[in-house]
Structure formats: C-alpha cells, structure tokens
Amino acid sequence: MPGKILGIHHITAIATSAKNNHEFYTKVLGLRLVKKTVNFDDPGTYHFYYGNETGEPGTLLTFFPWEGIRRGRLGTGQVTAVSYSVPKGSMKFWLDRFGRYGVIYNNPSERHGEEVMVFVDPDGLKLELVSGPEEDDRKPWLVDEIPAEHAIRGFHNAALTLEGYEATARLLTEEFGYVKVAEHVNRFRFENPNGRHANKRDLVCLPSGQRGSVAGGSVHHIAFRVANSEDQMEVRERLVGLGYNVTPRMERNYFKSIYFREPGGVLFEVATDEPGFAIDEDVSELGRSLKLPEWLEPQRKDIEKALPEI
Ligand code: ZN
C-alpha cells in the first residue's frame, strides 16, 4: 500500500454562517468557490468547496455551514491547524491585508525552517500561511486585490493534535508512505515522498490536553489522496486487514470516499482524484450555480428555498 497515498486531498470543516464563510474565503483569502452543492447526507445544508482554478486535490478546503451552530472546542483527536502555502516574501502583503480586513493573526514566526503566520477565520478555525524554502509552482486562483506573487497556492500541511502520537505515526509511515523528517519538542513532521504538494503532516502530542469537540470553527475530517478507485480499494482492504472499521465506498460525485477513525481519534478519509469538479459544469463556470447529485434533483425547489442567501 505505501505509494498509493499522495498527500492531502481535502479538509472539511464546519462553519456557523454560509454568508460569512463564503465572503472570507473568496474575498479575503482569494480562493475560488469551485463547487456549490449540499451536504449529501443533510441536503438542507450547503457544502462549499474552495480551491484553486480547477479545484485540484491538495488545494480544497470544504465547509458545511450549519447556521448558528455552537462553536466547537479545539483539543486532542482533531486536526487543529490547516496550513496554506504562500510564496516567499508574501507575509508583509498578508499582514497588511489582514489588518485591513480585521482578521485576527499572530506575527510571523519561524518553524522547521519555514516562516509561519497563524490566523483564524470568522468562526475561529485556526489557519496558517507558510512560506518554505522550496518554490510551490502550483497555479493560484487570481482575484483583483491579490497579486499572483502573493496568492495562496494550496495546502502546505495540516497539524493533528493527539494524546499520544505513536500509533498514528505508525499508520502514516508503515501504511501511508510518510517519512518522519523533523521533530521539535512535542511536534513531529512527516512528509509523503509520493506527492509533490500538500504532502506534509504534523503530529502534535499533547498528553494532558482536553479532548476536542467538533462543531463550528473546527475540522470535521481530513482526506488523503489516491489516484483512482483501484488504489482506494487496495488501501481499504489493507486497513480492514489491520483491524480498522472502514466505511464502504461512498459516491461523492466529484470523488469517491472511504472513511475510518485513526488511532488518535481523528476522522480520516481516503478520496480519489477522479473524476474531479468539471464533471457537471465547465471549468470556467465552477461554483456559480447550485449543483445537486442526480438523486436530489427532484427536490431542487425545496432545497433551494431552505438554503440561505450568500
Ligand atoms: Zn471529505
């Protein structure tokens, strides 16, 4: 199985307002809404996908905006930080921009030889901008106020906070092909040599930490990439063999998914690169209209009426 996992596919979090969420990610961060659809398991709720122009795996942050839901609590058993890659020399631009838009941030600091700026979205979701020594050649989505040389490229890494880290580390290294590349006090960095981007994962060990609770402003799950269904089934069989409870394959229209809980309590997904977001609308039109899976089309009128304006 090592070699089948290629890095992060997407990360899914919960928001408390569709409108505020949409404004922050498209306007302030300049990401593209690549798909506007609903939560297939709860069609009264949007599912937004933000990414680069085509919604490439490794650039996709997705949200279920549950209007008015309580805020979650950061803690163990969760993805506690989502990091985006920006080009070198971009921090000043983003500091000014965050100041102008009233975004809460910390001044940049150094970590693992990279420049990191921590900030939060309107629901308190912890995000980071990271610029590292290697150039990130992914093509960013471009909006008026953000020049290409500073635009967000896609994910850099994600941090998981765990009570203990060994069992999760074993899953990453022995099964998912990650290699431990750095260690600093209680933070361990793993890198996946099979993917060029969004291939880093930090495990933060917090033995006395409080368990997190998933609600507004927290991450629901994190998905790893595989190229196709065959690789996904291979991964599934292997995980089942190791004693994990893995869901059957689920049809997500833009990819296929399996889910399981890793030993530290974080919900993991393995999602396919295929078929991608251009399956039901042209790349130039991505995210403009509400897309529903075929089985929800008969309910379109009711669904549209129940969804808030953005
Ligand atoms: Zn997912």
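Please refer to the structure placed before this passage.
Computed from a predicted structure; not experimentally measured.

A.B. asks: Mind laying out the sheet that holds strand E12 (residues 200–205), listing which residues take part and the relevant values?
C.D. replies: Here eight strands make up an open sheet; going across it, the order is E6-E7-E8-E5-E9-E12-E11-E10 and the pairing mixed. The open sheet has two edge strands, strand E6 (109–111) and strand E10 (179–184), and neither has a second partner. Between one strand axis and the next, the sheet turns by 30° as a mean value, whatever way the strands run. Pairing geometry for strand E5 (residues 78–85) and strand E8 (residues 126–131), over four bridges, is parallel. Bridged to Val82 within E8 is Leu127. Across the sheet, helix H2 (residues 91–101) lies against strand E7 (114–120) and E8, angled at about 15° from E7, the strand it touches most.

A.B. asks: Requested: an account of the sheet that holds strand E4 (residues 60–65), with residues and values cited.
C.D. replies: Pairing within the open sheet is mixed, and its eight strands lie in the order E2-E3-E4-E1-E13-E16-E15-E14. The open sheet has two edge strands with one neighbour each: strand E2 (32–39) and strand E14 (250–251). Sheet strands touched by helix H1 (residues 18–28): strand E1 (8–15), E2, strand E3 (42–51) and E4. Its angle to E3, the strand with the most contacts, is close to 10°. Contacting strand E13 (219–226), strand E15 (256–261) and strand E16 (267–272), helix H4 (residues 229–241) crosses the sheet at an angle of about 20° to E15.

A.B. asks: Describe in detail the nonpolar core, supporting the description with residues and values.
C.D. replies: Counting residues in each nonpolar core, the largest one holds 69 residues, and the members touching the most others are Tyr25, Leu29, Trp94, Leu129 and Phe176. Counting residues per element, this core draws most heavily on H2, at five residues. Residue contacts for Leu29: discarding those within four places in its chain leaves Phe24, Trp94, Phe98, Phe119, Leu127, Ile146 and Ile152. Counting residues in hydrophobic clusters, the runner-up holds nine residues, among them Val34, Leu60, Tyr254 and Leu286.

A.B. asks: Describe the layout of surface pockets, with residues and values.
C.D. replies: Here the largest pocket is characterised by a volume of approximately 370 Å³. What lines the largest pocket is a set of 22 residues, among which Ser85, Glu134, Glu135, Asp136 and His156 lie closest to the centre. Mapped by element, the contributors of at least two residues to the lining of the largest pocket are E8 and strand E9 (154–162). Along the lines of polarity and charge, the residues of the lining of the largest pocket split into six nonpolar, six polar and 10 charged. Looking at the second largest pocket, its volume works out to about 250 Å³. Lining the second largest pocket are 17 residues, with Asp41, Phe64, His221, Arg252 and Tyr259 positioned closest to its centre. Of all the secondary structure elements, the ones that give two or more residues to the lining of the second largest pocket are E1, E2, E3, E13 and E16. Taken together, the residues of the lining of the second largest pocket sort by class into eight nonpolar, six polar and three charged.

A.B. asks: I'd love a proper account of the coordination of the zinc ion, names of residues and values included.
C.D. replies: Those protein atoms acting as donors to the zinc ion are His10 (NE2), His221 (NE2) and Glu269 (OE), and they sit at 1.9 to 2.0 Å. In primary-sequence terms, the residues that donate to the zinc ion follow H-x210-H-x47-E. Of the two residues, His221 is situated in strand E13 and Glu269 in strand E16; the sequence distance between them amounts to 48 residues. On the basis of relative accessibility, which here comes to 5%, the residue His221 falls in the buried class.

A.B. asks: Tell me about the environment of Glu53, residues and numbers included.
C.D. replies: Looking at where Glu53 falls in the secondary structure, it is placed in the loop between E3 and E4. Taking the C-alpha atoms as reference, Glu53 lies 8.5 Å from Leu31; in sequence the two are 22 residues apart. Excluding residues within four positions of it along the chain, Glu53 makes contact with Arg32, Val34, Lys139, Trp141, Val283 and Leu286. In this structure the side chain of Glu53 is engaged in a polar contact, spanning 3.2 Å, whose partner is the side chain of Lys139.

A.B. asks: Which residues make up empty space enclosed by the protein, and what values do they have?
C.D. replies: Applying the stated rule across the entire model yields one cavity of 30 Å³ or more. Quantified by volume, the largest cavity comes out at close to 50 Å³. Partitioned by chemical class, the residues of the lining of the largest cavity number four nonpolar, five polar and one charged.

A.B. asks: Which residues make up the side chain of His221, and what are the values?
C.D. replies: At a separation of 3.5 Å, a polar atom in the side chain of His221 contacts the side chain of His10. Side chain to side chain, His221 and His220 meet in a polar contact 2.9 Å long. Leaving out residues up to four positions away in the same chain, His221 has contacts with His10, Ile11, Thr12, Tyr259, Leu267 and Glu269.

Parameters and conventions
- Residues numbered from 1 in each chain as written.
- Predicted model: local features only at pLDDT ≥ 70, side-chain atom pairs only at ≥ 80, totals over all residues.
- Heavy atoms only, no water.
- Pairing = 2+ DSSP bridges.
- Helix = DSSP H or I, 4+ residues; strand = E, 2+ residues; numbered from the N terminus.
- Axes fitted to C-alpha atoms, helices over the stretch in contact; angles between N-to-C directions.
- Contact = heavy atoms within 4.5 Å.
- Core = buried A, V, L, I, M, F, W, Y, C linked by side-chain atoms within 4.5 Å.
- Buried < 20%, exposed > 50% of the residue type's maximum accessible area, 1.4 Å probe, protein only.
- 1 Å grid on protein atoms, 1.4 Å probe; cavity = no way out; pocket = protein on both sides within 12 Å on 5 of 7 lines; lining within 4 Å.
- Points joined across faces, edges and corners; volume = space filled by probe spheres on them.
- Nonpolar A, V, L, I, M, F, W, Y, C, P; charged D, E, K, R; others polar.
- Donors = N, O, S within 2.8 Å, 3.2 Å for Na, K, Ca; no water.
- Polar contact = N/O pair within 3.5 Å; in protein donor to acceptor, adjacent residues only side chain to side chain.

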